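# Structure at a glance
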Amino acid sequence: MAQRVPFIVAELGPDADPFMLHIYAALAEKERRLISARTKAALQAAKVRGKQLGRNGVERLAPAYRAEAVERAAELAPVIAEVRASGAVSLRKIAAGLNQRGITTVQGGAWSAMQVQRVLERADGI
């Protein structure tokens, strides 16, 4: 708008004049400031209540999760070797073999190629 390039806002149609666009832009800017203020207030209130903010909890638990993942990879290594021996060479076919055997992921879902790759990487590190 500062360079006087005409543009059309799809929601407002071709009849929207620059004054209307300035009004909408000002309202949007005000709304952003209000959202920011509400978010900061809510985070401060949570902090006062003793809620731990940030990723500190995740970082503390990460080593335990990694240890569990390595242990699970060690358990699955023989099964994956069996699936490979039956002719599955791609990650996708190994995932299909695990799914056919009724072996679920830790979350209880079906296997994908990426999950198999991660298990194999962990199993190699054992």
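Residues numbered from 1 in each chain as written. Predicted model: local features only at pLDDT ≥ 70, side-chain atom pairs only at ≥ 80, totals over all residues. Heavy atoms only, no water.

## Examining the overall build of the chain
For clarity, the cut-off: Numbered from the N terminus, helices here are DSSP runs of H or I no shorter than four residues, and strands are runs of E no shorter than two. Using C-alpha atoms as the atom set, the radius of gyration is obtained and then compared with a globule rule of 2.2 Å times the number of residues to the power 0.38. Relative accessibility decides the category of a residue: with a 1.4 Å probe and only protein chains considered, values under 20% of the type maximum give buried, values over 50% give exposed, and everything between is partly exposed.
When you go through the chain residue by residue, the secondary structure sums to 4 helices and 0 strands. From first element to last, N terminus to C terminus, the chain shows the α and β order α-α-α-α. Its C-alpha radius of gyration of 27 Å places the chain more than 25% over the 14 Å reference for a compact globule of 126 residues. C-alpha atoms of the chain, sized along the principal axes, occupy 70 × 45 × 25 Å. For the chain, the proportion of its 126 residues judged to be buried stands at 17%.

## Observations regarding the pattern of salt bridges
What counts, and what does not: Salt bridge, as used here: a side-chain nitrogen of Lys or Arg that lies within 4 Å of a carboxyl oxygen of Asp or Glu.
On inspection of all chains with the given rule, the structure shows 3 salt bridges. The closest approach of N and O atoms between E31 and R38, which form a salt bridge, is 3.3 Å. The class of E31 is partly exposed, set by a relative accessible area of 35%. A salt bridge links E82 to R101, with the nearest nitrogen and oxygen atoms 3.5 Å apart. Residue E82 is located in helix 2 (residues 56-85), and its partner R101 is located in the loop between helix 3 (91-100) and helix 4 (113-124); the two are separated by 19 residues in the primary sequence. A relative accessible area of 48% means that E82 is categorised as partly exposed.

## Remarks on the side chain of T105
Keep this limit in mind: We call two N or O atoms a polar contact when they sit within 3.5 Å, provided that within protein one can donate a hydrogen and the other can accept it, with sequence-adjacent residues counted only if both atoms are side-chain atoms. By the convention used here, residues are in contact when the closest approach between their heavy atoms is within 4.5 Å.
Summarising the element assignment, T105 is placed in the loop between helix 3 and helix 4. Classification of T105 by relative accessible area gives buried; the value is 9%. Side-chain polar atoms of T105 contact the backbone nitrogen of G109, separated by 3.0 Å. Residues within four places of T105 in sequence aside, it is in contact with R72, A110, W111 and Q115.

## Notes on helix 4
Defined as follows: Any helix carries an expected span of 1.5 Å times its number of residues minus one. Read the arc as the range of directions from the helix axis to the C-beta atoms.
When the terminal C-alpha atoms of helix 4 are compared, their 16 Å separation across 12 residues agrees well with the 16 Å that a helix rising 1.5 Å per residue should span. Taken together, the buried positions of helix 4 are V116, V119, L120 and A123. Considered in projection along helix 4, the buried side chains sweep an arc of 100 degrees and stay on one side of the axis.

## Side note on the nonpolar core
Just so we agree on the cut-off: Think of a nonpolar core as a cluster: buried Ala, Val, Leu, Ile, Met, Phe, Trp, Tyr and Cys residues, connected wherever their side-chain atoms sit within 4.5 Å.
Core analysis: the biggest nonpolar cluster contains 13 residues, and L76, I80, I94, L98, W111, V116 and V119 have the highest contact counts within it. Looking at this core, the elements that each hand over two or more residues are helix 2, helix 3 and helix 4. Not counting residues up to four positions away in its chain, the partners in contact with L98 are V79, I80, V83, I103, W111 and V116.

## What about the environment of A42?
Along the polypeptide, A42 turns up in helix 1 (residues 18-48). Take A42: its relative accessible area is 46%, and that puts it in the partly exposed class. Along the sequence, A42 and G102 sit 60 residues apart, while their C-alpha atoms lie 45 Å from each other.

## A short note on the confidence of the model for the chain
Using the following cut-off: Every residue carries a pLDDT, the predictor's confidence in it, which falls somewhere between 0 and 100.
Per-residue confidence for the chain gives a mean pLDDT of 87, with 90% of residues at or over 70. Mean pLDDT in the chain bottoms out at helix 2, which sits at 84, and peaks at helix 3, which reaches 96.

## Here we look at the environment of L21
Inspection of the secondary structure assignment puts L21 in helix 1. Its relative accessible area of 12% is what places L21 among the buried residues. When the C-alpha atoms of L21 and G97 are compared, they prove to be 58 Å apart, with 76 residues separating the residues in sequence.

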